[in-house]
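Next come the chains, spelled out residue by residue.
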Amino acid sequence: MSEPLSVDALTDSQRTALRRLILRLADTKRLLGIRFSDWLLGAPSIETGIAASSMAQDEWGHARLLYSMLKSFGEDPVEVERDRAREAYANAPAVDHEFADWAEVVAGMVVVDGAMTALLAGFAEGRFELASNRIPKMLGEEEFHRDMGLAWLRSLAGSAGRGRVTEAIRAFLPGTLAWMAPGDDAEAELAEAGVIPSGAETLERFRSVYGEAFQALGVSIETSGAGDDFDAARGRGPGAPDEETVERARGDRNRALFVE
Amino acid sequence: MSILEGEVFDVFARKERGDALQHIGYVDAPDIDLARVYAWKTYDELNWFEMCVVPRSAIVPVNRTDGPFAGNALGRPVVGGAR
């Protein structure tokens, strides 16, 4: 096995690429958690709402652990969590706006959460020591997210919701896959350093979990990676979460209570 | 079965290895896969050593002709007498 790697051992461009990766994962988890939390009430059953709420808590806990990795870059994670403008968020575009219906929630589980977990799994197996220490527990919790997403996908696929969930998956997939495996220089640099596997391997990991279920809906998992409008600094396609979402992510309203 | 037509699954768990498996609650779910997720996510207040779900329809009463499982007796005779 390769030697564990700390931030101090990285070149400047590797550090920039690793920081981008951590922010992409942390921001997506923070915002996906918000999207799941919206469905504590209004989910198809009480049990489903409780599960969605619990998944929201998982995502927020994971986000907190990921943001805290930035300490090793000499950054204060609290500032990163509280002070960034929406244009700085590096999340997968599918969570920029709230999910319109339960079909989009399920698409969020299988596409966004699935892609994020594929990326995290490769990160955990790589050389960055904080990732190999902290991520395995997250992956254990994510097994239930995967089961929940796939079970709901099967249910919707066999119901009148089939068309709607297929549409939602088709809408989320391109931007999420380009986010997960952009195939750009930063990704290649991290792969070369042994921090993450190649984008092709990450894509294959995602496909091994969801390929069959998507195939049953006539959806294939393919990506050409980052397009011309890809934002290389953030590692995502164009756009940003809406202002209300970022206010919730930063906790602006909570802190406003304590301002005299 | 439609998405919303659920079945009742009873949830059993033990805190430590060697503890008795205890009934801790139930969930409504359309299938066993979602029952597993719902049980874990609903009853996760303790760090369980083991958790299991059982379709309530699979629990067959031995000594009672009333209660939540009575319908599963399917005409089998009561044994031992009920208190």
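Reading the values: the criteria
Residues numbered from 1 in each chain as written. Chains lettered and ligands numbered in written order. Predicted model: local features only at pLDDT ≥ 70, side-chain atom pairs only at ≥ 80, totals over all residues. Helix = DSSP H or I, 4+ residues; strand = E, 2+ residues; numbered from the N terminus. Buried ≥ 20, exposed ≤ 12 C-beta atoms within 10 Å, placed from the backbone. Contact = placed C-beta atoms within 7 Å. Rg over C-alpha atoms; globule rule 2.2 N^0.38 Å. pLDDT = per-residue confidence, 0-100. Nonpolar A, V, L, I, M, F, W, Y, C, P; charged D, E, K, R; others polar. Axes fitted to C-alpha atoms, helices over the stretch in contact; angles between N-to-C directions. Parallel < 35°, antiparallel > 145°, perpendicular 65-115°, else oblique. Left-handed = near helix turned anticlockwise from the far one by under 90°. Expected span 1.5 Å × (residues − 1). Bend = angle between axes of the 7 residues up to and from the residue. Core = buried A, V, L, I, M, F, W, Y, C linked by C-beta atoms within 7 Å.

Draft legend 1. Up close: the overall build of chain B. Helix and strand counts for chain B stand at one helix and three strands. Its helices and strands in sequence order give chain B the pattern β-β-α-β, from N to C terminus. Considering only C-alpha atoms, chain B reaches an extent of 40 × 40 × 15 Å along its principal axes. For chain B, buried positions account for 22% of its 83 residues. Contacts in chain B between residues at least 24 apart in sequence constitute 36% of all its contacts with a sequence separation of at least 6.

Draft legend 2. Spotlight on the overall build of chain A. For chain A, the count of helices and strands is ten helices and zero strands. Secondary structure elements of chain A, listed N to C terminal, follow the sequence α-α-α-α-α-α-α-α-α-α. For chain A, the C-alpha radius of gyration of 18 Å lies close to 18 Å, the compact-globule estimate for 260 residues. Based on the C-alpha atoms only, the size of chain A along its principal axes is roughly 55 × 50 × 35 Å. Burial status across chain A gives 46% buried among its 260 residues. Of the contacts made within chain A by residues no fewer than 6 positions apart, 76% connect residues no fewer than 24 positions apart.

Draft legend 3. The arrangement of the confidence of the model for chain B in detail. Residues and elements named next belong to chain B. Per-residue confidence for chain B gives a mean pLDDT of 88, with 90% of residues at or over 70. Highest mean pLDDT in chain B belongs to strand E3 (residues 50-55) (97); lowest belongs to helix H1 (residues 32-42) (94). The ipTM for the predicted assembly is 0.77, set against a pTM of 0.91.

Draft legend 4. Inspection of the interface of chain A and chain B at higher detail. Across the boundary between the two partners, chain A contributes 13 residues, which contact 18 residues of chain B. For the side of chain A that touches chain B, the elements supplying multiple residues, two or more each, are helix H2 (46-68) and helix H5 (129-157) of chain A. For the side of chain A that touches chain B, the element with the highest residue contribution is H5(A), accounting for six residues. For the side of chain A that touches chain B, the residue count by class is seven nonpolar, four polar and two charged.

Draft legend 5. Structural context of the packing of H5(A) against H1(B). With their axes 9 Å apart at the nearest point, H5(A) and H1(B) run at an angle of 140° to one another. Taken together, the axes of H5(A) and H1(B) are oblique relative to one another. Our pair here, H5(A) against H1(B), has a crossing hand that is left-handed. Here Phe144(A), Asp147(A), Met148(A) and Ala151(A) of H5(A) come into contact with H1(B), specifically with Asp33(B), Leu34(B), Arg36(B), Val37(B), Trp40(B) and Lys41(B). Residue classes in the contact of H5(A) with H1(B) are distributed as six nonpolar, no polar and four charged.

Draft legend 6. Just H2(A), in detail. Under the 1.5 Å per step criterion, the end-to-end length of H2(A) is 33 Å for 23 residues, consistent within 8% with the ideal 33 Å. Among the residues of H2(A), Glu47(A), Thr48(A), Ala51(A), Ala52(A), Ser54(A), Met55(A), Asp58(A), Glu59(A), His62(A), Ala63(A), Leu66(A) and Tyr67(A) are the ones counted as buried. Considering only its buried residues, H2(A) is in contact with helix H1 (12-37), helix H3 (77-83) and H5 of chain A together with strand E2 (22-29) and H1 of chain B.

Draft legend 7. A look at helix H4 (residues 102-125) of chain A. Residue and element names in this part refer to chain A. Compared with the 34 Å implied by 1.5 Å per residue over 24 residues, the 33 Å span of H4 between its first and last C-alpha is a close match. At Gly-108, H4 shows its largest bend, some 30°. For H4, a buried count of 22 out of 24 residues is recorded, marking the element as mostly surrounded by other parts of the structure.

Draft legend 8. Highlighting the environment of Gly218(A). Residue and element names in this part refer to chain A. Of note, Gly-218 is situated in the loop between helix H8 (199-215) and helix H9 (243-250). Owing to 8 C-beta atoms within 10 Å, Gly-218 belongs among the exposed residues under this scheme. As a C-alpha pair, Gly-218 and Arg-170 span 48 residues in sequence and 9.9 Å in three-dimensional space.

Draft legend 9. Structural view of the nonpolar core. All names here are of chain A. Among the nonpolar cores identified, the biggest contains 91 residues, and Val-106 and Ala-115 are the most heavily contacted of them. Of all the elements, H4 adds the most residues to this core, at 16 residues. Among all residues touching Val-106, those that are not within four sequence positions of it are Gly-149, Trp-152, Leu-153, Leu-156 and Val-165.

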